[in-house]
Amino acid sequence: MTPVHDKPVRLGVNIDHVATLRNARGGTHPDPVDAAMAAIEAGADGITAHLREDRRHITDGDMDRLAALCEDRDVPLNMELAATEEMVEIAARLKPHAACLVPERREERTTEGGLDVAGQHNRLVPAIARLADAGCRVSLFIEAAPHQIDAAASTRAEVVEFHTGAYAHALDDGNEDKAQAILEQLRDGGRSADAAGLEVHYGHGLTFDNVRPVAAIPEARELNIGHFIIGEAVFLGLGPAIRRMADIIADARAAA
Ligand code: PXP
C-alpha cells in the first residue's frame, strides 16, 4: 500500500479576483481567462472559479470561456456555485470536471461559514443528484464537523472541501491556540471523511505562511487557493506566485 504522504496534493488556483480587478473598471482587463491560461502554464493542477448569483466577479461569459480553455488544455475546472436552480442548470450545461457547492446566503451557512449540509440536506440532495447525473464530480464546501461530514457522506457527493477560513483568521488574530485547535478539527475531519469514502480538499484564506500544516494533512488531496495568490502576483508575478505555493505544499508534504 502507498504511504499516505506519497500521494501528492493538487493545487487548484482560484482566479475570481482577477475578475474582481477587471470589474473595478468595468472593462476587459485583466482577463481571468488569460490568468487561468498563465496559471496552467505555471503548473496549476486545476482552475477554480465561482459564478456567484450576483456576478460580482466571474461572469457567465467568463465561465463559458474557462470551460472551453480547461477542456482544450485537459485541465480540471472546479466550478463553485450556490445550490440554486439557475446555477445548477448552468453547471449541468457546462459540465465542469467538479462542481463545488458553496453557501452564498446566510441561512445556507453554518456558524463558521461552511455549507450547512446537515440542515439543508433535503434541498441539497436533488441539486447534487442533478450535477452528478450531468457528469460533474460534486464537492461540498463544509466545516470539519462530524455531523456535516456524516450528512455529506449520505449524498452522492464524492468530495468534501473543508473550510480553512477560521484557521487562517485565528492565525491573523495572533490566536495560536485557537488555530491549533481548529487545525486538529481539520485533521480529524480529513480522517473521518476519508474513512467515509470522500475525497478530501481544503481551502479558503491559505497563504505562503499558513499553508504548510494543512498541506501536511495525510488525507488532503487538493488545496484551492485564490485571493492570496492573486494578491501576491502583484509583487512576484502570477507564475512565480503559483510555483512558490506549489513548492511550499510539496515541501510540507515531503517533510510530514
Ligand atoms: N474554496 C472555496 C470553496 C472557496 O469558495 C474559495 C473562495 O472563497 C476558496 C477555496 C479560495 O479562498 P481564497 O480566495 O481565500 O484563497
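Residues numbered from 1 in each chain as written. Predicted model: local features only at pLDDT ≥ 70, side-chain atom pairs only at ≥ 80, totals over all residues. Heavy atoms only, no water.

Participant: So what's going on with the side chain of Asn14? Which residues, and what values?
Facilitator: On the secondary structure map, Asn14 appears in strand S1 (residues 10–14). Reaching out from Asn14, the side chain makes a polar contact with the backbone nitrogen of Asp16 at a distance of 2.8 Å. Once you skip the residues sitting within four places of it in the chain, Asn14 turns out to touch Thr48, Glu80, Ile225, Gly226 and Ile230. (Helix = DSSP H or I, 4+ residues; strand = E, 2+ residues; numbered from the N terminus. Polar contact = N/O pair within 3.5 Å; in protein donor to acceptor, adjacent residues only side chain to side chain. Contact = heavy atoms within 4.5 Å.)

Participant: Describe the pattern of salt bridges, naming the residues involved and giving the relevant values.
Facilitator: All told, the structure shown has 21 salt bridges when counted by the stated rule. The partner of Arg10 in a salt bridge is Glu199, and the shortest N-O contact between them spans 2.6 Å. Linking Arg10 in strand S1 with Glu199 in strand S7 (residues 199–203), this pair joins segments that are 189 residues apart in sequence. Given the relative accessible area of 29%, Arg10 is considered partly exposed. (Salt bridge = Lys/Arg side-chain N within 4 Å of Asp/Glu carboxyl O. Buried < 20%, exposed > 50% of the residue type's maximum accessible area, 1.4 Å probe, protein only.)

Participant: Describe the packing of helix H2 (residues 32–41) against helix H3 (residues 60–73), listing the residues and the values that go with them.
Facilitator: At a minimum axis separation of 9 Å, H2 and H3 run at an interaxial angle of 25°. Viewed along their axes, H2 and H3 adopt a mutual orientation that is roughly parallel. As H2 runs across H3, the sense of the crossing is right-handed. Listed contacts from H3 to Pro32, Val33, Ala36, Met37, Ile40 and Glu41 of H2 are Asp62, Arg65, Leu66, Leu69 and Arg73. Looking at the contact of H2 with H3, its residues break down into seven nonpolar, no polar and four charged. (Axes fitted to C-alpha atoms, helices over the stretch in contact; angles between N-to-C directions. Parallel < 35°, antiparallel > 145°, perpendicular 65-115°, else oblique. Left-handed = near helix turned anticlockwise from the far one by under 90°. Nonpolar A, V, L, I, M, F, W, Y, C, P; charged D, E, K, R; others polar.)

Participant: Please set out the site of the ligand residue by residue, giving values where relevant.
Facilitator: In the region of the ligand, the neighbouring residues are Asn14, Glu80, Val102, Phe141, Glu161, Gly203, His204, Gly205, Asn224, Ile225, Gly226 and His227. With respect to the ligand, the side chain of His204 contributes an N or O atom lying 3.3 Å from an oxygen atom. Interatomic distance of 2.8 Å between a backbone N/O atom of Gly226 and an oxygen atom of the ligand. The protein chains hide 89% of the 390 Å² of surface that the ligand would expose on its own. Considering only residue class, the shell around the ligand consists of three nonpolar, seven polar and two charged. (Near = heavy atom within 4 Å. Areas by Shrake-Rupley, 256 points an atom, 1.4 Å probe, with all protein chains shown as cover.)

Participant: Tell me about the packing of H3 against helix H4 (residues 85–94), residues and numbers included.
Facilitator: Orientation of H3 relative to H4, taken along the N-to-C sense of each, is 25°, at an axis distance of 11 Å. Compared by their axis directions, H3 and H4 come out roughly parallel. Where H3 crosses over H4, the handedness of that crossing is right-handed. Two secondary-structure elements touch here, H3 through Asp60, Met63, Asp64 and Ala67 and H4 through Ile90, Arg93 and Leu94.

Participant: Lay out the nonpolar core with the relevant residues and their values.
Facilitator: Membership of the largest hydrophobic core comes to 82 residues, with the highest contact counts inside it found for Ile47, Leu101, Leu140 and Phe162. Per element, the largest residue contribution to this core is seven residues, and it comes from helix H11 (residues 238–255). (Core = buried A, V, L, I, M, F, W, Y, C linked by side-chain atoms within 4.5 Å.)

Participant: Outline the pairing of S7, supporting the account with residue identities and numerical values.
Facilitator: Here is the key point about a regular strand: its side chains alternate between the two faces of the sheet. Burial runs high along S7: five of the five residues are buried. Side chains Glu199, His201 and Gly203 of S7 all project onto a buried face; the interleaved residues Val200 and Tyr202 project onto the opposite face, where all are buried too. One ladder, built from five bridges, connects strand S6 (residues 159–163) with S7; its direction is parallel. Residue Glu161 lies in a different strand from S7, and its bridge partner there is His201. Across four bridges, the pairing between S7 and strand S8 (residues 220–225) is parallel. Paired with His201 across the strands is Glu222, a residue of S8. (Pairing = 2+ DSSP bridges.)

Participant: So what's going on with the sheet that holds S1? Residues and values would help.
Facilitator: Read around the closed barrel, the eight strands follow the order S1-S2-S3-S4-S5-S6-S7-S8; overall the barrel is parallel. Geometrically, the sheet is characterised by an average inter-axis angle of 25° between neighbouring strands, direction not taken into account. Summarising the sheet, S1 and S8 pair through four bridges and their orientation is parallel. Across the sheet, residue Gly12 finds its bridge partner in S8, namely Asn224.

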